Amino acid sequence: MTYIREQISHNTPPNFAVLQLLSAVCDVNMLGPPDAASAADHANYLKVLEWRIRNAPIPDSASSSSSSSYPSPPSHSSPGTNDITTTSSSSSSSSPSPALIQELYKLSTLIYFHRTAAAKYLPQSPHNHNRLDSAAAEKAADRGFAILSRLSSCERQFPLFVLGCEAHTDERRSLVLDVMAGTEGSDASRSLNYLRLLLHAIWAQGDLAAGSTGTSTTGEREIGYGEKLAAVFSHCSVLPTFV
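Let us look at the structure shown here. Note on numbering: residues in each chain are counted from 1, in written sequence order. Only residues with pLDDT of 70 or above have their local features reported here, since the model is predicted, and side-chain atom pairs are shown and tallied only from 80 upward, although totals for entire chains, interfaces and linings are computed over all residues. Excluded from the side-chain calculations are hydrogens and water; all other atoms, namely the structure's heavy atoms, are used.

**Here we look at the side chain of Arg-196**
Keep this limit in mind: Each helix is a run of DSSP H or I of at least 4 residues and each strand a run of E of at least 2, with the numbering of both proceeding from the N terminus. A simple rule labels every residue: compare its accessible area, found with a 1.4 Å probe on the protein chains alone, to the largest value its type can have, and call it buried under 20%, exposed over 50%, or partly exposed in between. Distance and chemistry together define a polar contact, namely a pair of N or O atoms within 3.5 Å, with one atom able to donate a hydrogen and the other to accept it when in protein, and with adjacent residues in sequence counting only for side-chain atoms on both sides. Two residues qualify as a contact provided that any one of their heavy atoms is within 4.5 Å of a heavy atom in the partner residue.
Residue placement: Arg-196 occurs in helix 8 (residues 193–211). You can call Arg-196 buried: its relative accessible area is 17%. Side chain to side chain, Arg-196 and Glu-184 meet in a polar contact 2.7 Å long. With sequence-adjacent residues up to four places away left out, Arg-196 is seen in contact with Leu-177, Met-180, Ala-181 and Glu-184.

Structure representation (structure tokens):
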């Protein structure tokens, strides 16, 4: 007879406000570009959506466990980028602060918004069409990695994947892998092998693109964020859920 040991879950509860905003970002990406008549309204909607993500509050139940603020990394001053409402937290421990995990989820949603919906549908500078959304995504990523460096584990796969996609250096990639390994060390954790394989595929794509930079005489276009994810996901027998 097989016995199943019951355990109380200590996973960070989801922030439903941020999940709803992430769902709205996914809806925008699924619907595609608006027609010319509604382009202005669509752009205004995206600007409001970005503001809502940046200012999404962390529930009191999460922030009550925090006691000191984490150091913010140097900000990237850029027109069109705004400060992100953050929450304070205690230092790294074997039991990560719920406030930090939920902050990571919010930052990851903001990064995903700027890399997908904003990059495709918001009006950009004619000289550098990704300048504004890239700067905002990089600023959020810097904050996200500052938080991740204080954690020994993170049971939420979506922030790990989004930040992993922003890990363009060996140091940041090692940080993501270390947190994943720490997460798998928990008795209640599932294997993150699938997520690890996806990140290695994303990193390989990024390294190949970086290696071809400067050889634009062929006229080849750089692979976009969404195209890169689609190329990797197209080889998955089962689509990842990142829950």
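**Comments concerning a nonpolar patch on the surface**
Heads up, the rule is: For patches, a residue must show more than 30% relative accessible area and have no salt bridge; joins then use 9 Å for like charges and 5 Å for nonpolar side chains, namely Val, Leu, Ile, Met, Phe, Trp and Tyr. Accessible surface is estimated by sampling points in the Shrake-Rupley manner with a 1.4 Å probe; for residues, cover comes only from the protein chains shown. In what follows, salt bridge is the name for a side-chain nitrogen of Lys or Arg lying within 4 Å of a carboxyl oxygen of Asp or Glu.
A cluster of nonpolar residues, Tyr-194, Leu-197 and Val-238, forms a patch on the protein surface that exposes about 310 Å² of accessible area. As for its placement among the helices and strands, Leu-197 is situated in helix 8.

**As for the pattern of salt bridges**
Tallied over the full model, the rule gives five salt bridges. Of the charged contacts in the structure, one is a salt bridge between Arg-172 and Asp-142, with a shortest N-O distance of 2.7 Å. Separated by 30 residues along the polypeptide, Arg-172 in helix 7 (residues 170–184) and Asp-142 in helix 5 (residues 131–148) bring together distant segments of the chain. A relative accessible area of 25% places Arg-172 in the partly exposed class. The salt bridge partner of Glu-184 is Arg-196, with a shortest N-O separation of 2.7 Å. A residue pair is termed long-range when its members are at least 10 positions apart, and Glu-184 in helix 7 and Arg-196 in helix 8 qualify at 12 residues.

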